[in-house]
Amino acid sequence: MTTADRDGFDEFVAARSAALSRTAYLLTGDHHLAQDLLQAALMQAVKHWRRIHTSPEAYVRRAMYHQNISWWRRRRITETSLLSYDGAVPAPDTDLRLTLDQALARLTPKQRTVLVLRFYEDLTEVETARALGLSTSTVKSTTRQSLARLRTLAPELAELIGADA
Amino acid sequence: MTSPSHTDLREELAALAETQPFSPDPSAWDLGRRARSRTRVVRAAATLAVVALVVGVGAIAVRPDSVGPAGGIEPDGAIPSVITTPDGPVITDLAIGRASVAYVDSDGSPVLVDAATGKASYVDLPSFPEPSVIERTADLVTGPLLAVSPDGRRVAYAATVAAEGPAGQPAFSTPWYIVLDLTTGDFEFVGVPLGTGTPRAISWTTDGRLAIDVYGRQTRRDQPPSVVARTIDVTTGDSAASALTGMLAPGGLISATYPVDDGPVQAVPFEIAEGDVAGRDLPTDLYPEGAEVAPVGWAADDLLVAHVDEDLVVLTSPDRPAAESTWQVLVPDLPESSGVTVAVDLIPDLTGDPDQELTHDFTATPMGDSSGGRALYVAGGAVVLMAGVVLMLRRVRT
């Protein structure tokens, strides 16, 4: 790789890291994990820079989505194990954002990732399915389940989420 | 499915995302390049292996044996008779093969000793706690911070980071453990068991799981929580409660516990059932005032390696009859550290011969092995690498 490659990478990181780290935070719900997730995705990008340098952001985002689900699979936070935690989140704070943060933390990684792609990244169901390697019907059902679970976990979010999901 | 309120959800998610501080890590390029270089080196090595297979095996077959390690020690390495402090550069390519010893020095820097050369080096471990974090956790931690696996091929540690407590006071948290493969330099994240935090100690069981001591749930405000133990399957991330705290012996029926306080004790402490303790008395002629003791690993079902004052010692556990008890200094005068672990598989089985050498003097003789064994390793390695070449060629064609 050449100095131009390095310069190109540095420019990309300088321009897009802030946005990417915000997405990483929504995916992980933890500031340190978000930094690790972005770092791992950037390392992957370096390894394939020649091939992806014309459109690195799509590659890095995709790497983050997959890495996030993979890491959490390793942590064995499964949907089944979360069933016993489906009681409503206690609301010690009236801050809606804090409540949303706490409720998101109790979704499965797949549910959380689908929500972030659909409602933060503004991807369509088809685009989300393509990015995660899922079927469109799985994205639809996962979105529906995620929103329903958010309402269960934090009833005060119902207005935010909507009642028809 | 979508409703107008989803606009609000989008806005709240965006606001939540804004709380993530932006801190790009400038090392991504260098780390990525190193990983890429490693991949390319492996591919190049695969090509060379074809040539090596033809030329190397023939040459090895007629080569005389070199001087082997003392006492017929494992061909892939040995515990050095002297554990030194590092004097070279920090190693960043972590594919060193096997480590015989791992420790964290008094400055909080991780050190590995190469099992094949006996050389100690500082290593640049990914997400290893900063010295300031190690200092913060000093009151919590009772055992090793860096644990080398029994076969020396992996190391594990908690990726503890600095955090801010509820009132802004300095705190720390451990999002996961890292298991690093020293044969490839690759590492894996292993999640912390639910409900646990930063471990008080970490070690490997002889069957390749991590054993951790952590604080359990606090039941009384005026008392610290009890210490509980868990094991973690590093492949699946599954964890299970363990009845015994400390360093588990093969079979899990006895453990060597970590010191609760600094200061000398008169016996090496063990746990033989939940809450039931036993001790193996220190030889009073060697330690009339007692000694500071910490477990290091289990070399066999009933043979513990322990750090006793400045020495590494091999001793039998208290469940063995007194007539069979052993107390043998393995390595004297260890460097100052906050916990040492050794690759216990590299310690040969004790024969009962008082002159048996358990370690290797790397300054006197180079490591070697029999030509037949070496040929077998080379041939096996070459076959594996040739398979890699075939896979690579297939990939190129597609």
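Per an unreviewed UniProt entry, chain B is named WD40 repeat domain-containing protein, and its organism is Nocardioides zhouii.

As recorded by an unreviewed UniProt entry, chain A carries the name SigE family RNA polymerase sigma factor and is attributed to Nocardioides zhouii. We quote the UniProt Sequence similarities (unreviewed entry) comment for chain A here in full: "Belongs to the sigma-70 factor family. ECF subfamily."

**Q** Explain the overall build of chain B to me, and be specific about the residues and the numbers.
**A** Tallying secondary structure elements over chain B gives four helices and 22 strands in all. When burial is assessed residue by residue, chain B has 37% of its 398 residues classed as buried.

**Q** Explain the sheet that holds strand E4 (residues 146-148) of chain B to me, using residue names and the numbers behind them.
**A** All names here are of chain B. Spatially, four strands are ordered E4-E5-E8-E9 in an open sheet, and the strand pairing comes out antiparallel. One side of each edge strand has no neighbouring strand; the edge strands of this open sheet are E4 and strand E9 (187-191). Looking at each pair of strands side by side, their axes are set apart by 20° on average, direction ignored.

**Q** Please give an account of the packing of helix H7 (residues 109-119) of chain A against helix H8 (residues 125-132) of chain A that cites residues and values.
**A** All names here are of chain A. It is at 10 Å that the axes of H7 and H8 come closest, and there the two elements cross at 135°. Relative to H8, the element H7 is oriented oblique. Handedness of the crossing formed by H7 with H8: right-handed. Contacts between H7 and H8 pair Thr113, Val114, Leu117 and Arg118 from the former with Thr128, Ala131 and Leu132 from the latter. The residue makeup of the contact of H7 with H8, split by class, is four nonpolar, two polar and one charged.

**Q** Break down the confidence of the model for chain B for me, citing the residues and quoting the values.
**A** Residue and element names in this part refer to chain B. Across chain B, the average pLDDT comes to 79, with 74% of residues at or above 70. Contacts from residues 57-73, a stretch scored under 50 in pLDDT, to residues over four places away or in other chains number 36 contacts. Confidence metrics for the complex model read pTM 0.56 and ipTM 0.79.

**Q** An account of the nonpolar core is needed here, citing residue identities and associated values.
**A** Core analysis: the largest hydrophobic core is formed by 80 residues, its most contacted members being Ala99, Val101, Val155, Tyr157, Tyr177 and Ala306 of chain B. In this view, Ala306 of chain B contacts Ala256, Val268, Val293, Ala294, Pro295, Val296, Val313 and Leu315 of chain B; residues no more than four positions away in its chain are not counted. Grouped together as the second largest cluster of nonpolar side chains are 45 residues, Val60, Phe119, Leu157 and Ile161 of chain A included.

**Q** Describe H8 of chain A, listing the residues and the values that go with them.
**A** Residues and elements named next belong to chain A. Turning to H8, its buried residues are Glu125, Thr128, Ala129 and Leu132. Angular distribution of buried residues about the axis of H8 spans 100°; they occupy a single face of the element. Gly133 sits one or two positions beyond H8 and adopts a positive phi of about 70°.

**Q** Kindly report on the sheet that holds strand E22 (residues 337-342) of chain B, identifying the contributing residues and their values.
**A** Residues and elements named next belong to chain B. In space, the four strands of this open sheet follow the order E3-E2-E1-E22, with antiparallel pairing throughout. Every interior strand has two partners, whereas the edge strands, strand E3 (120-122) and E22, have only one. Neighbouring strand axes in the sheet, compared pairwise and without regard to direction, differ in orientation by 20° on average. By the bridge criterion, five bridges tie strand E1 (residues 99-105) to strand E2 (residues 110-114) in an arrangement that is antiparallel. Residue pairing for E2: Ala102 is matched across the bridge by Leu112.

**Q** Go over the packing of helix H1 (residues 3-28) of chain A against H7 of chain A with me, naming the residues and quoting the values.
**A** Residues and elements named next belong to chain A. At a minimum axis separation of 8 Å, H1 and H7 run at an interaxial angle of 145°. Residues Thr23, Leu26 and Leu27 of H1 pack against Arg112, Thr113 and Val116 of H7. Split by residue class, the contact of H1 with H7 holds three nonpolar, two polar and one charged.

Quick notes on the rules
Residues numbered from 1 in each chain as written. Chains lettered and ligands numbered in written order. Predicted model: local features only at pLDDT ≥ 70, side-chain atom pairs only at ≥ 80, totals over all residues. UniProt positions renumbered as here; feature names shortened; annotations may be inferred. Helix = DSSP H or I, 4+ residues; strand = E, 2+ residues; numbered from the N terminus. Buried ≥ 20, exposed ≤ 12 C-beta atoms within 10 Å, placed from the backbone. Pairing = 2+ DSSP bridges. Axes fitted to C-alpha atoms, helices over the stretch in contact; angles between N-to-C directions. Parallel < 35°, antiparallel > 145°, perpendicular 65-115°, else oblique. Left-handed = near helix turned anticlockwise from the far one by under 90°. Contact = placed C-beta atoms within 7 Å. Nonpolar A, V, L, I, M, F, W, Y, C, P; charged D, E, K, R; others polar. pLDDT = per-residue confidence, 0-100. Core = buried A, V, L, I, M, F, W, Y, C linked by C-beta atoms within 7 Å. Arc of directions from axis to C-beta.

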